[in-house]
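# Chains, contacts and geometry: an overview
Here is how the chains run, residue by residue.
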Amino acid sequence: MTEHAASPRRGDTPAAHAPGPQTTETMTGAQSLIRSLEAVGADTVFGIPGGAILPAYDPLMDSTKVRHILVRHEQGAGHAATGYAQATGRVGVCMATSGPGATNLVTPIADAYMDSVPIVAITGQVASKAIGTDAFQEADICGITMPITKHNFLVTDPAEIPRVIAEAFHIAGTGRPGPVLVDIAKDALQATTVFRWPVETSLPGYRPVTKPHAKQIREAAKMLVAARKPVLYVGGGVLKANASAELRILAELTGAPVVTTLMALGVFPDSHPQHLGMPGMHGSVPAVTALQKSDLLFTLGARFDDRVTGKLDSFAPFAKVVHADIDPAEIGKNRPADVPIVGDAREVIADLIVAVQAEFDAGHKGDYTDWWVKLNEWKRTYPLGYEAAPEGELSPQQVIERIGQLVGSDAIYAAGVGQHQMWASQFITYEKPATWLNSGGAGTMGYAVPAAMGAKAGRPDTEVWAIDGDGCFQMTNQELVTCALNNIPIKVAVINNGSLGMVRQWQTLFYNQRYSNTVLHAGPEHDGKQPPARGTRIPDFVMLSEAMGCVGLRCERPEDLDAVIKQAMEINDRPVVIDFIVHQDAMVWPMVAAGTSNDEILAARDVRPDFGDDLD
Ligand SMILES: Cc1ncc(C[n+]2csc(CCOP(=O)(O)OP(=O)(O)O)c2C)c(N)n1
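Below you will find a few notes about this structure. In this text the structure is predicted, and so the values were computed from the model without any measurement.

## Some words on the environment of Leu-33
Relative to the elements of secondary structure, Leu-33 occurs in helix H1 (residues 29–40). Placed 156 residues apart in sequence, Leu-33 and Leu-189 show a C-alpha to C-alpha distance of 7.9 Å. Not counting chain neighbours up to four residues away, the residues in contact with Leu-33 comprise Ala-56, Met-95, Ile-122, Ile-161, Ile-165, Ile-184 and Leu-189.

What follows is the structure, given as structure tokens:
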């Protein structure tokens, strides 16, 4: 690859700041597509060719600006684009052919939609005359992805390609970010057209509000200084707005406690004394309880997700609500807001800092002393912890905690979905933004390996670890071949408990320990009550990883833990997979059972915290 401009950052309008004279050149639609991608600054595309998109792959071969990474499955391309976007703050790009190629992108597109990640998916479509005829490899991908994209385009006129690409990147990366799909008919790629750049975008109905209303900001600041038990409830919107520095200033200025949701980990340092941890189903007791007993939820870029609120009508019953979000549709969706603020989190927080300072100058300062007495008591009494595994066995939490300690908080961690995801959120210390990637809204098993691949492709100088479950790993591990062949040396920690652990945990707690179809290492003749049959490994992850061009390591005993992590850290010429054989009965705590109130939180099995409810 030669030197080239970086992909546009979120919020950039590529067409708008392309200076200089207009380029006007005759070429094919396919060439125009690649030139447009170059012009918006896309530097990496993850994809697989096929009939309908084939014309685009020909000029792609000659591009010195766009690196194409040939994945093994389109789902991998989509999650890689997401991981790239989350790690770099730029728009991620994936490409696939029509029909099954396009439908294989559906899961990662839905995933990016749920987590507001800016990606552009480009798909080939059958020739325009064949659309609607059930032609070979035809699928109405625009119809299919209508509810899971921020916007999608069907292009049949090659002259539209530059404008559509400029608009797609603009829509994906501005306002509330999200996935945009561009479906291009094969004949439009083949036809001769004129490439013109820069282009005028035409999006009359699309003007995201970024600047918050001054009156609302003043109201919010007044409520914050008047509150006795406020909580800054911080979500992924703050991270996406690059507002980490502003958040810290606001938090330290006000002295209010902070909780960061699963999507926001890293935006406020875990080690900061004002941080109470993560709220939600597996959140920390202080974070969950602080929200429950708060008198003001100061909500910044968060969306009152059901995993955070628990049973909605019993969530934070004493709290007034300030709700700031860039997407007006989020405000009042689940919980009415007393002070709604529409705007970009960075601008909102910057204005709030000024407004709070003005309140202080007028002699109004919040007194949260009593509140902090309680909060500190909960922090002291209910720290995160875990039971040690039986003698000689590895506990999964210990493995994850130790990886975090040895690798440190400059690295990027991408998790799969399940128990290991929750432990990775709990036991690794996140100090910086964009160091924690996960599938929060959709909970997509198989996210970790391709997302880590995308992150490493976008930030090659950063150490990238996938913390994966043995179930998740079996969904998308083939992208390790892509990593091995394309010099993308990620590290993968497979937390191998021999089962679909999170589902098994629910079976333990709610289905009388009847382990229906959650045992991964044994066939149906085993009822799942048996411990993992050590020695019989199907698949053998070490052999599998070696076969895919990676270094495969295994760790089964606590005394080997540090050495194997250090060994993996030293290998940088190939991907490394460590198969950690862990205790299968470990459970994620704390927990609020689905559908119950957050007041019912259990700090550990059968351990209900005592809050001495005088604050109610
Ligand atoms: C694509 C997909 N299918 C099914 C599920 C339901 N599910 C959630 S967690 C989980 C188990 C994950 O098992 P594993 O990867 O081994 O992780 P563990 O919970 O054991 O850490 C399942 C099946 C899901 N989230 N995503």
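## A look at the site of the ligand
In the vicinity of the ligand, 16 residues are found, and the nearest of them are Gln-419, His-420, Cys-472, Gly-501 and Met-502. The separation between an oxygen atom of the ligand and a polar side-chain atom of Asp-470 is 3.0 Å. Look at the ligand: alone it shows 580 Å² of surface, and the protein chains cover 76% of it. Only helix H17 (419–427), helix H19 (470–476) and helix H21 (501–510) provide two or more residues apiece to the shell around the ligand. Of the residues that constitute the shell around the ligand, the class distribution is six nonpolar, nine polar and one charged.

## Description of helix H15 (residues 369–381)
With 13 residues, H15 ought to run about 18 Å at 1.5 Å a step, and its terminal C-alpha atoms sit 18 Å apart, in line with that. For H15, the full list of buried residues reads Trp-371, Trp-372, Lys-374, Leu-375 and Trp-378. Angular distribution of buried residues about the axis of H15 spans 160 degrees; they occupy a single face of the element. In H15, the exposed positions that point more than 90 degrees away from the buried face belong to Thr-369, Asp-370, Val-373 and Arg-380. Considering only its buried residues, H15 is in contact with strand S9 (230–234), strand S11 (275–277) and helix H12 (285–293).

## Re the packing of helix H16 (residues 396–407) against helix H23 (residues 561–570)
Any two packed helices are characterised by how steeply their axes cross, that is the angle between the axes, and by the distance between the axes. Two elements in contact, H16 and H23, have axes separated by 10 Å at closest approach and are oriented at 50 degrees. Looking at the two axes, H16 sits oblique to H23. Two packed elements cross with a definite hand, and for H16 against H23 that hand is right-handed. Residues Gln-398, Val-399, Arg-402, Ile-403, Leu-406 and Val-407 of H16 pack against Leu-561, Asp-562, Ile-565, Lys-566 and Met-569 of H23. Partitioning the contact of H16 with H23 into residue classes produces seven nonpolar, one polar and three charged.

Calculation criteria
- Residues numbered from 1 in each chain as written.
- Predicted model: local features only at pLDDT ≥ 70, side-chain atom pairs only at ≥ 80, totals over all residues.
- Heavy atoms only, no water.
- Helix = DSSP H or I, 4+ residues; strand = E, 2+ residues; numbered from the N terminus.
- Contact = heavy atoms within 4.5 Å.
- Near = heavy atom within 4 Å.
- Polar contact = N/O pair within 3.5 Å; in protein donor to acceptor, adjacent residues only side chain to side chain.
- Areas by Shrake-Rupley, 256 points an atom, 1.4 Å probe, with all protein chains shown as cover.
- Nonpolar A, V, L, I, M, F, W, Y, C, P; charged D, E, K, R; others polar.
- Expected span 1.5 Å × (residues − 1).
- Buried < 20%, exposed > 50% of the residue type's maximum accessible area, 1.4 Å probe, protein only.
- Arc of directions from axis to C-beta.
- Axes fitted to C-alpha atoms, helices over the stretch in contact; angles between N-to-C directions.
- Parallel < 35°, antiparallel > 145°, perpendicular 65-115°, else oblique.
- Left-handed = near helix turned anticlockwise from the far one by under 90°.

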